[in-house]
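# Coordinate inspection notes
Single-letter residue listing:
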Amino acid sequence: MPWESGISGGVFGGYGIVVVLLVLLAFASIRIFREYERGVVFTLGRFWKVKGPGLVIIVPAIQQVVRVDLRTIVLEVPTQDVISRDNVSVKVSAVVYLRVVDSAKAIIQVEDYLNATSQLAQTMLRSVLGKHQLDDMLAERERLNLDIQQALDAQTDTWGIKVSNVEIKQVDLTESMIRAIARQAEAERERRAKVIHAEGELQAAEKLFQAAQILSQQPQAIQLRYLETLTVIGADKNTTVIFPLPMDLVSAFLDRVRQP
């Protein structure tokens, strides 16, 4: 009958709508998390658990999920104006390597963990470097990197963030400071040259003193040195003739002259 066919059609139409809604609900409930992702699930606004990776079912309108990336993040710290312990103004830039180790804390304990870590890194960079002199910034970067990393890691631990490494990228100096450092380096090189020259003179004097002591033990030894000196002079086709005169003979002659 017509009315029966209308009723059956309406029933089948209602079933079709229900099936479509169930299919849409199923698709809306499915979340797929990659191996490096985790999902922080909230049920009616309260933290439930951390899920993933893989297929995760979320109840729409009742549960919400926040994705968290567990890969290492490279965070560049903007250039900071730092005044060193010896009152030198420099501009320092750095880079921070961090990753999320506790997804729940990273979402619940801090609003934006990347921005919070960036602001903290800027503060720690100025604070730690301000305790050191300019020479330490230029020559001991590894130790300063470790100090900044430890200070950052102690603060971000409550946020579920692990700071694995901090690297100071560049330390920019003013032109006047660069010239002052160049003058200092030049003066240091001159000082070393003078010290080395003085040490050479001292060693030469010590060797000459030892040689004089040895020659004074045998008077004939000085004559052999005279003859060797003549051999060296004559080897260069030199026309100059040198006659060695013993100092003993000269001293005796001078003593006779001085006598009244």
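Report follows, based on the coordinates. Just so you know, these numbers come straight off a predicted model, no measurement behind them.

### Structural notes on the sheet that holds strand S6 (residues 73-83)
One open sheet holds the three strands; their spatial order is S6-S7-S8, and the pairing between them is antiparallel. Whereas interior strands pair on both sides, the edge strands pair on one side only; in this sheet they are S6 and strand S8 (161-172). Across the sheet, the mean angle separating the axes of adjacent strands is 25° when strand polarity is ignored. Bridge count between S6 and strand S7 (residues 89-100): nine bridges; the pairing is antiparallel. If you follow Val 82 over to S7, its bridge partner there is Val 90. Packing of helix H3 (residues 113-129) onto the sheet brings it into contact with S6, S7 and S8, and relative to S6 it is tilted by some 35°. On top of the sheet, helix H5 (residues 141-156) reaches S7 and S8; it is set at about 140° to S8, its chief contact.

### Digging into the packing of aromatic side chains
Tallied over the full model, the rule gives one aromatic pair. For the ring pair Phe 42 and Phe 47, a centre distance of 6.2 Å and an interplane angle of 70° mean the geometry is edge-to-face. Given a relative accessible area of 17%, Phe 42 falls into the buried group. Above the plane of the ring of Trp 48 lies Lys 49, whose end atom (NZ or CZ) is 4.8 Å from the centre.

### Section: a nonpolar patch on the surface
On the surface, Ile 17, Val 20, Leu 21 and Leu 24 cluster together into a nonpolar patch covering about 390 Å² of accessible area. Along the chain, Val 20 turns up in helix H1 (residues 2-29).

### Quick look at the pattern of salt bridges
If the charged atoms of two oppositely charged side chains come close together, the side chains can form a pair. If you walk through the whole model with that rule in mind, you get nine salt bridges. A salt bridge links Arg 67 to Glu 37, with the shortest nitrogen-to-oxygen separation between them at 2.9 Å. In this pair, Arg 67 is assigned in strand S5 (residues 63-69) and Glu 37 in strand S2 (residues 37-43), connecting sequence segments 30 residues apart. Here Glu 37 falls in the buried class, since its relative accessible area comes to 10%. One salt bridge in this structure joins Lys 162 and Asp 153, with 2.8 Å as the shortest N-O distance.

### Regarding the packing of H3 against H5
Taken N-terminus to C-terminus, the directions of H3 and H5 make an angle of 135°; their axes are 10 Å apart at the nearest point. Between H3 and H5, the interaxial angle falls into the category oblique. Judged by the sense of rotation from one axis to the other, the crossing of H3 with H5 is right-handed. Along the contact surface, H3 presents Thr 117, Leu 120, Ala 121, Met 124, Leu 125, Val 128 and Leu 129, while H5 presents Leu 144, Asp 147, Ile 148, Ala 151, Leu 152, Gln 155 and Thr 156. In the contact of H3 with H5, the residues fall into ten nonpolar, three polar and one charged.

### Side note on empty space enclosed by the protein
Taken as a whole and judged by the stated rule, the model has one cavity of 30 Å³ or more. Space inside the largest cavity adds up to approximately 30 Å³. Taken together, Val 77, Ala 94, Val 96, Ala 121, Leu 125, Ile 148, Leu 152 and Val 166 make up the lining of the largest cavity. When residues of the lining of the largest cavity are traced back to their parent elements, those giving at least two are S7, H3 and H5. Taken together, the residues of the lining of the largest cavity break down into eight nonpolar, no polar and no charged.

### Notes on the side chain of Ser 93
Relative to the helices and strands, Ser 93 is located in strand S7. What makes Ser 93 buried here is its relative accessible area of 12%. Those residues in contact with Ser 93 that lie beyond four places of it in its chain are Val 77, Thr 79, Ile 168, Lys 169 and Gln 170.

### Description of the nonpolar core
Grouped together as the largest cluster of nonpolar side chains are 34 residues, with contacts concentrated most on Val 90, Val 92, Val 96, Leu 129, Ile 148 and Leu 152. When residues of this core are assigned to their parent elements, the largest contribution, eight residues, is made by H3.

### Considerations on the sheet that holds S5
With antiparallel pairing, the three strands of this open sheet are ordered in space as S3-S2-S5. Single-partner strands in this sheet number two, and they are strand S3 (46-51) and S5. The mean inter-strand angle of the sheet, taken between neighbouring strand axes irrespective of direction, is 25°. Sheet topology places S2 next to S3; five bridges connect them, and they run antiparallel. Paired with Phe 42 across the bridge in S3 is Phe 47.

So, how was this worked out
- Residues numbered from 1 in each chain as written.
- Predicted model: local features only at pLDDT ≥ 70, side-chain atom pairs only at ≥ 80, totals over all residues.
- Heavy atoms only, no water.
- Pairing = 2+ DSSP bridges.
- Helix = DSSP H or I, 4+ residues; strand = E, 2+ residues; numbered from the N terminus.
- Axes fitted to C-alpha atoms, helices over the stretch in contact; angles between N-to-C directions.
- Contact = heavy atoms within 4.5 Å.
- Phe/Tyr/Trp six-rings, centres within 6.5 Å; stacked < 30°, edge-to-face > 60°.
- Buried < 20%, exposed > 50% of the residue type's maximum accessible area, 1.4 Å probe, protein only.
- Lys NZ or Arg CZ within 6 Å of the ring centre and 35° of its normal.
- Patch = residues over 30% accessible without salt bridge, like charges linked within 9 Å, V, L, I, M, F, W, Y side chains within 5 Å.
- Areas by Shrake-Rupley, 256 points an atom, 1.4 Å probe, with all protein chains shown as cover.
- Salt bridge = Lys/Arg side-chain N within 4 Å of Asp/Glu carboxyl O.
- Parallel < 35°, antiparallel > 145°, perpendicular 65-115°, else oblique.
- Left-handed = near helix turned anticlockwise from the far one by under 90°.
- Nonpolar A, V, L, I, M, F, W, Y, C, P; charged D, E, K, R; others polar.
- 1 Å grid on protein atoms, 1.4 Å probe; cavity = no way out; pocket = protein on both sides within 12 Å on 5 of 7 lines; lining within 4 Å.
- Points joined across faces, edges and corners; volume = space filled by probe spheres on them.
- Core = buried A, V, L, I, M, F, W, Y, C linked by side-chain atoms within 4.5 Å.

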